[in-house]
Amino acid sequence: MTRPLPSRLVSALTVFSLVFPVVYTVAYYNEWALFWFYPLVGELYTNLQPPSRGPAMIYYGWIVLAFVSAALAGAIVPRRWAAHLWVGWSWIVPLAATLFTLAYETRWFQG
Amino acid sequence: MISAALLIIHGLASIVLIGAITHQAIMVWPAKHAEQPQAFFTRLRSLPQPSIYANTVVILYAANFFLGAFLYTSYRVDVRPYLEDTGLFLAAGAFETKEHIAVLGLGLLPAYWLFWKEPSRAGSVTARSYITLLLAFFVWWNFIIGHVLNNIRGLGL
């Protein structure tokens, strides 16, 4: 018989997995990021740089923004609030983010 | 050369991941009727400790994700401009969905791990099934797109 997980950890993981897809989806839709990475020069910037720096990558900036936001939410949301969350949100929220993503990216396929 | 080696490792690791998550997805797929105890799928679905897969899947998924994220710089610098210049927008768009789906899967891992380690709350078993199926879909989606894109010249797309 394994020991039950600490309630603080259960609460934090639950909230993390709910907040992460929402923040990531909102971030990439609005192109909000903590930073841009320029792979040709290997440097991070908090704002866009001239084209001479090469292609800009916003992907890492979205991931870090979503990770930090979800980790903070997991740390500060009280356990009793997290305990009252309906368990179904844990798959409905990421499913909704997935469907939104797939629908949004059809823009690539429209002439 | 290092990128090519890492890409091969990424591909191999994804095959191991796809095996683990597919097996687990088959286990949580609801049975429609009473199954024969000796039937292939019955035996496939009955692991003595299914939660042991959870750690393996989390580690493999995270390793695959970070390998892919590292290789993404090569894609962004060398591959994507080629796709756009040659009008292969279908391929470029498919890769965009791959990168987003990979991140959404990463965010799903804590809940996935939690529900396999502690399926005690009301409705957790159902949620665990849906999360596992969703993660399996993510892995298959990314595997297929990654391989089609990797072989795009050979496939003549």
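Right above here is the structure, for reference.
Let me begin by describing the structure that accompanies this report.

Thresholds, definitions, all that
- Residues numbered from 1 in each chain as written.
- Chains lettered and ligands numbered in written order.
- Predicted model: local features only at pLDDT ≥ 70, side-chain atom pairs only at ≥ 80, totals over all residues.
- Helix = DSSP H or I, 4+ residues; strand = E, 2+ residues; numbered from the N terminus.
- Expected span 1.5 Å × (residues − 1).
- Buried ≥ 20, exposed ≤ 12 C-beta atoms within 10 Å, placed from the backbone.
- Contact = placed C-beta atoms within 7 Å.
- Nonpolar A, V, L, I, M, F, W, Y, C, P; charged D, E, K, R; others polar.
- Axes fitted to C-alpha atoms, helices over the stretch in contact; angles between N-to-C directions.
- Parallel < 35°, antiparallel > 145°, perpendicular 65-115°, else oblique.
- Left-handed = near helix turned anticlockwise from the far one by under 90°.

Re helix H5 (residues 124–150) of chain B
An ideal rise of 1.5 Å per residue puts 39 Å on 27 residues; H5(B) measures up with 38 Å between its terminal C-alpha atoms. Buried within H5(B) we find B:Ala127, B:Arg128, B:Ile131, B:Thr132, B:Leu134, B:Leu135, B:Ala136, B:Phe138, B:Val139, B:Asn142 and B:Gly146. For H5(B), the secondary structure elements touched by its buried residues are helix H4 (89–104) of chain A together with helix H1 (2–28) and helix H4 (89–117) of chain B.

A few points about the interface of chain A and chain B
Contact with chain A, which involves 32 residues of that partner, is made by 30 residues of chain B. Looking at the side of chain A that touches chain B, the elements that each hand over two or more residues are helix H1 (7–30), helix H2 (59–76) and H4 of chain A. No other element matches the nine residues that H1(A) contributes to the side of chain A that touches chain B. Tallied by class, residues from the side of chain A that touches chain B come to 25 nonpolar, six polar and one charged.

Section: the environment of A:Leu102
Residue and element names in this part refer to chain A. Along the chain, the position of Leu102 falls in helix H4. You can call Leu102 partly exposed: it has 13 C-beta atoms within 10 Å. As a C-alpha pair, Leu102 and Val77 span 25 residues in sequence and 30 Å in three-dimensional space.

Notes on H1(B)
Residues and elements named next belong to chain B. Over its 27 residues, H1 runs 39 Å from end to end, which matches the ideal 39 Å to within 8%, given 1.5 Å per residue. Where H1 is concerned, the buried positions are His10, Ser14, Leu17, Ile21 and Gln24. Buried residues along H1 sit in contact with helix H3 (52–85) and H5.

Examining the packing of H3(B) against H4(B)
All names here are of chain B. The geometry of H3 relative to H4 is characterised by a closest axis approach of 10 Å and an angle of 165 degrees between their N-to-C directions. One finds that H3 runs roughly antiparallel with respect to H4. Between H3 and H4 the crossing geometry is left-handed. In this structure, H3 uses Ala54, Val58, Tyr61, Ala62, Phe65, Gly68, Tyr72, Arg80, Leu83 and Glu84 to contact H4, whose residues at the interface are Ala91, Ala92, Glu99, Ala102, Gly105, Leu106, Leu109, Tyr112, Trp113, Trp116 and Lys117. Of the residues belonging to the contact of H3 with H4, the class tally is 15 nonpolar, two polar and four charged.

Some points on the environment of B:Ala63
As for its position among the elements, B:Ala63 is in helix H3. Distance in space between the C-alpha atoms of B:Ala63 and B:Leu149 is 20 Å, their sequence separation being 86 residues.

These figures capture arrangement, not role.
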